[in-house]
Amino acid sequence: MYLQKIENYQGEKMKTIHINSRQLKKYKELKLSKDIPNTESIIYEMSDTKLLKVLFIKERESLASKLYTVSLLSDYEEKINIKELVIPQELVSIDGLVSGFTIPYIKGENLGEILKNPKVQTKTKIDLLKKIGLFIHKLEKSHSGNINFNFGDLHPYNILVNKEGLHFIDLDSSYLGTGYPQPGFYVSVSKELEKLPKKYNQNEKGIVIPNDNTDLYCYNMMILEFIAKEKIYRLKEEELYDYLEYLREVGYCDRLLDSFQRLYTKANNINPYECIDTLDDKLLGRGMYKVYEYLKNKPIVK
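These numbers were taken from a predicted model, which means no experiment stands behind them.

1. Structural notes on the overall build of the chain
Okay, so step 1: A count of helices and strands for the chain gives 11 helices and 11 strands.
Okay, so step 2: Computed over C-alpha atoms, the radius of gyration of the chain comes to 20 Å, within 12% of the 19 Å expected from 2.2 N^0.38 for 302 residues, which places it in the range of a compact globule.
Okay, so step 3: For the chain, with 302 residues in total, the buried portion stands at 50%.
Okay, so step 4: For the chain, restricting intrachain contacts to residue pairs at least 6 apart in sequence, the fraction spanning at least 24 positions comes to 68%.

2. Quick notes on the environment of D75
Okay, so step 1: Mapped onto the elements, D75 comes out in helix α2 (residues 60-75).
Okay, so step 2: Take D75: its relative accessible area is 13%, and that puts it in the buried class.
Okay, so step 3: C-alpha separation for the pair D75 and N201, spaced 126 residues apart in sequence, amounts to 28 Å.

3. Examining the sheet that holds strand β11 (residues 165-168)
Okay, so step 1: The sheet built from three strands is open, its strands ordered β8-β10-β11 with antiparallel pairing. In this open sheet, the two strands that pair with only one neighbour each are β8 (109-110) and β11.
Okay, so step 2: The pairing of β8 with strand β10 (residues 159-162) spans two bridges and is antiparallel. Along β10, the bridge assignment pairs E109 with V161.

4. As for the side chain of N150
Okay, so step 1: Tracing the chain through its elements places N150 in the loop between β9 (147-148) and β10.
Okay, so step 2: Side chain to side chain, N150 and D215 meet in a polar contact 3.1 Å long.

5. Section: the nonpolar core
Okay, so step 1: By size, the foremost hydrophobic cluster in this structure holds 67 residues, and its most contacted members are L85, I132, F151, Y217, I227, Y243 and Y252.
Okay, so step 2: Other than its neighbours up to four places away in sequence, L85 contacts I80, F135, F149, F151, F168 and L171.
Okay, so step 3: Core analysis: the second largest hydrophobic core is formed by 13 residues, I43, V70, L91 and Y105 among them.

6. What to know about the sheet that holds strand β5 (residues 50-55)
Okay, so step 1: If you walk across this open sheet you meet the six strands as β2-β6-β7-β5-β4-β3, and the pairing is mixed. Each edge of the open sheet is held by one strand with a lone partner, namely β2 (16-19) and β3 (28-29).

7. A few points about helix α8 (residues 237-249)
Okay, so step 1: Taking 1.5 Å as the rise per residue, α8 with 13 residues should run 18 Å; its terminal C-alpha atoms sit 19 Å apart, in good agreement.
Okay, so step 2: For α8, the set of buried residues is L240, Y243, L244, Y246 and L247. Buried residues along α8 cover an arc of 155° about the axis, so they all sit on one side.
Okay, so step 3: Elements that come into contact with the buried residues of α8 comprise α7 (212-228), α9 (254-261), α10 (281-287) and α11 (289-295).
Okay, so step 4: G251 sits one or two positions beyond α8 and adopts a positive phi of about 110°.

8. Focus: the side chain of N271
Okay, so step 1: Secondary-structure assignment places N271 in the loop between α9 and α10.
Okay, so step 2: On the accessibility criterion, N271 (13% relative accessible area) is buried.
Okay, so step 3: Here the side chain of N271 touches G133 through a polar contact of 2.9 Å, landing on its backbone oxygen.
Okay, so step 4: Of the polar contacts made by the side chain of N271, one reaches the backbone nitrogen of Y273; its length is 3.1 Å.
Okay, so step 5: Beyond its immediate sequence surroundings of up to four residues, N271 is in contact with G133, I136, H137, L216, Y219 and R255.

9. Details of the environment of L52
Okay, so step 1: Along the polypeptide, L52 turns up in strand β5.
Okay, so step 2: On a C-alpha basis, the gap between L52 and H167 in space is 17 Å, while along the polypeptide they are 115 residues apart.

10. Describing the packing of aromatic side chains
Okay, so step 1: Counted according to the given criterion, the structure contains 13 aromatic pairs.
Okay, so step 2: Ring geometry for F151 and F168: centres 5.1 Å apart, planes at 35°, overall tilted. One end of the pair, F151, is in the loop between β9 and β10; the other, F168, is in strand β11, and 17 residues separate them in sequence.
Okay, so step 3: For F151, a relative accessible area of 4% translates into the label buried.
Okay, so step 4: With a centroid separation of 5.4 Å and 80° between ring planes, the pair formed by F185 and Y233 is classed as edge-to-face. Taken together, the positions of F185 in helix α6 (residues 185-189) and Y233 in the loop between α7 and α8 put the pair 48 residues apart, joining distant regions of the chain.

11. Some thoughts on the pattern of salt bridges
Okay, so step 1: Here the structure, examined in full by the defined rule, presents 13 salt bridges.
Okay, so step 2: For K130, the salt bridge goes to D277, with nearest N and O atoms at 2.4 Å. Of this pair, K130 sits in helix α5 (residues 122-142) while D277 sits in the loop between α9 and α10, and the two are 147 residues apart along the sequence.
Okay, so step 3: Across the pair K195 and E192 runs a salt bridge whose closest N-O atoms are separated by 2.8 Å.
Okay, so step 4: For K195, a relative accessible area of 52% translates into the label exposed.
Okay, so step 5: Linked through salt bridges whose partners overlap, the residues forming this network are K53, K66, D170 and D172.

Rules and cut-offs
Residues numbered from 1 in each chain as written. Predicted model: local features only at pLDDT ≥ 70, side-chain atom pairs only at ≥ 80, totals over all residues. Heavy atoms only, no water. Helix = DSSP H or I, 4+ residues; strand = E, 2+ residues; numbered from the N terminus. Rg over C-alpha atoms; globule rule 2.2 N^0.38 Å. Buried < 20%, exposed > 50% of the residue type's maximum accessible area, 1.4 Å probe, protein only. Contact = heavy atoms within 4.5 Å. Pairing = 2+ DSSP bridges. Polar contact = N/O pair within 3.5 Å; in protein donor to acceptor, adjacent residues only side chain to side chain. Core = buried A, V, L, I, M, F, W, Y, C linked by side-chain atoms within 4.5 Å. Expected span 1.5 Å × (residues − 1). Arc of directions from axis to C-beta. Phe/Tyr/Trp six-rings, centres within 6.5 Å; stacked < 30°, edge-to-face > 60°. Salt bridge = Lys/Arg side-chain N within 4 Å of Asp/Glu carboxyl O.

If you want it as structure tokens, here you go:
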């Protein structure tokens, strides 16, 4: 996915606001879901419209890269011009040390909470997953230039939903083709990606460098976990393919399964958003990983 060409970036346009420790203590900490992966940060409510994200990263290179990415996103927000991306606003210096940044306070429900809520209709969940895939597709097609944009850390708990639509947050882990890549959740927890160094390229520290394949890997994992109701990224390659074969036997769409099967092959990943409508309550009930484990040594009755 690409943004417009950005030349001679100096990182000088983003404003910096200065506060001290006493002021920081006056802000209310925003309570996050316990299921959100470790954020290495605390988020505070500065006002009804603004949040403050304070980073706690010991490694200077990683902290500097996040702040660089934040500055780049903010400085070129008008050129990026994608309303679904929640772009950071200002850097924040605390007691003279730049330690975080502000972001718009988007009121909405976390997608991760929606997907696991049994009271939310299946169709609503499927529609949201399809909209994510459609957004990724449009983002890939709508920009040109030499600066890549990849989410880096795309997962359900980094997406907010409200009446205005989808809002992608936590963009300090995104990657714009420059700087030091940060470890995203899905791509840092699976050891299987290490077997495909050309597809999921790693730097000298073993951090996967975000690209279109990693973003589509994350999106496919979102759908798989929605189907399986389990942390599928923990599966070894052979365990995943056994499970996918089971899904084929119980009637899952071949194109959707093809997208999943590509994840641990040399073939480029694909976007399966057009196939998500094939899911329904019956298929989802049979697709749960616990059901598969119970039935895997028994004959399948369609």
